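Below, each chain spelled out in residue letters.
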Amino acid sequence: MLERYSVRKPYTVVVAVVLVLVLGVISFMNMPTDLRPKMDLPYVLIVTSYVGASPEEGETTVSKPLESTMATVSNVKGIDSVSSENSSMVILEFNDGANMDTAVIEMNNKLNQVAASWDDSVGSPVMMQINPDMMPIMVAAVDAEGQDKAGLSQLVNEEVIPKLESLDGVASASA
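Read on for an overview of the structure. (Residues numbered from 1 in each chain as written. Predicted model: local features only at pLDDT ≥ 70, side-chain atom pairs only at ≥ 80, totals over all residues. Heavy atoms only, no water.)

**Digging into the sheet that holds strand E3 (residues 87-94)**
Our working definition: Only strands that DSSP links by at least two bridges are regarded as paired with each other. A helix here means a DSSP run of H or I that spans at least four residues, while a strand means a run of E at least two residues long, and both kinds are numbered starting from the N terminus. To define axes, lines are fitted to C-alpha atoms, for helices over the stretch in contact only, and angles between the resulting N-to-C directions are given on a 0 to 180 degree scale.
Spatial ordering of the open sheet is given by E2-E3-E1-E4, a layout of four strands whose pairing is antiparallel. If you trace the sheet from one side to the other, it starts and ends with strand E2 (76-84) and strand E4 (126-129), each paired once. With strand direction ignored, the average angle separating the axes of adjacent strands in the sheet is 15 degrees. The pairing of strand E1 (residues 43-49) with E4 spans four bridges and is classified as antiparallel.

Shown next as structure tokens:
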């Protein structure tokens, strides 16, 4: 059936093929390219400093109360904590599709309630939403012939980093 139609009406088939090719080229030209698409990862970190505290003391004073309070936040899938000397880090994983803006507001309210009961030696907690844009785009090594570590550090800090930071699209560079 299709063979007979294409033999009888060759111009119609040619026009259809050209139309598909033109629409394909137009679509390809207007398609945005994004190497790193916007993603909302369902993770939030709460980092709290506790100067002079052992890991056990940080866990009982900071991590456990934070875990129990944050467990009541809606859409929490899992909670994990890491307590070390002088600091505590609580990692919250949310269900996929959770509204992270609402969750962060809810967490701020609960964080203020918990922080009010802490000792003055416990620092104020810092909440960070994990974002792929926080990750470095490029990591590079620098070497210069005849330079020791101090000279190489000075070269990088005085010449290389300012030139990198002056490039369009570079937010920051560090050594």
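**A look at the nonpolar core**
Condition: Here, the term nonpolar core denotes a set of buried Ala, Val, Leu, Ile, Met, Phe, Trp, Tyr and Cys residues that are joined through side-chain atoms within 4.5 Å. Partly exposed describes any residue whose relative accessible area lies between the buried limit of under 20% and the exposed limit of over 50%, with all areas from a 1.4 Å probe on protein chains only and scaled to the type maximum. It only takes one pair of heavy atoms within 4.5 Å for two residues to be counted as in contact.
The biggest cluster of nonpolar side chains holds 19 residues, and the ones touching the most others in it are Ile46, Leu66, Met70, Leu92, Phe94 and Met107. Every element with two or more residues in this core is listed here: E1, helix H3 (55-70), E3 and helix H4 (100-115). Top contributing element to this core by residue count: H4, with five residues. When near neighbours in sequence (up to four residues on either side) are disregarded, methionine 107 contacts Val44, Ile46, Met70, Val73, Leu92, Phe94 and Met127.

**Let's talk about helix H5 (residues 149-165)**
Rules: One less than the residue count of a helix, multiplied by 1.5 Å, gives the span that helix is expected to have. Bending is quantified residue by residue as the angle between axes fitted to the seven-residue window ending at that residue and the seven-residue window starting at it.
Compared with the 24 Å implied by 1.5 Å per residue over 17 residues, the 22 Å span of H5 between its first and last C-alpha is a close match. Of all the bends in H5, the greatest, near 35 degrees, is centred on valine 156. Taken together, the buried positions of H5 are occupied by Gly151, Leu152, Val156 and Ile161.

**A word on the pairing of E3**
Burial along E3 is one-sided: Ser88, Val90, Leu92 and Phe94 are buried, while Ser87, Met89, Ile91 and Glu93, pointing the other way, are not. Pairing geometry for E1 and E3, over seven bridges, is antiparallel. Within E3, the residue paired with valine 44 across the bridge is leucine 92. Two elements, E2 and E3, share eight bridges in a ladder whose sense is antiparallel. In the sheet register, glycine 78 faces E3, and the bridge partner there is glutamate 93. The hairpin formed by E2 and E3 contains two residues between the paired strands, and asparagine 86 there has a positive phi angle of roughly 70 degrees.

**Remarks on unusual backbone geometry**
Backbone geometry places asparagine 75, a non-glycine residue, at a positive phi of 70 degrees. With respect to the secondary-structure elements, asparagine 75 resides in the loop between H3 and E2. On the basis of relative accessibility, which here comes to 40%, the residue asparagine 75 falls in the partly exposed class. The phi dihedral of asparagine 86 is positive, around 70 degrees, even though this residue is not glycine.

**Quick look at the environment of glutamate 158**
Examined against the element boundaries, glutamate 158 turns out to sit in helix H5. Residues glutamate 158 and serine 74, spaced 84 residues apart in sequence, show a C-alpha to C-alpha distance of 49 Å.

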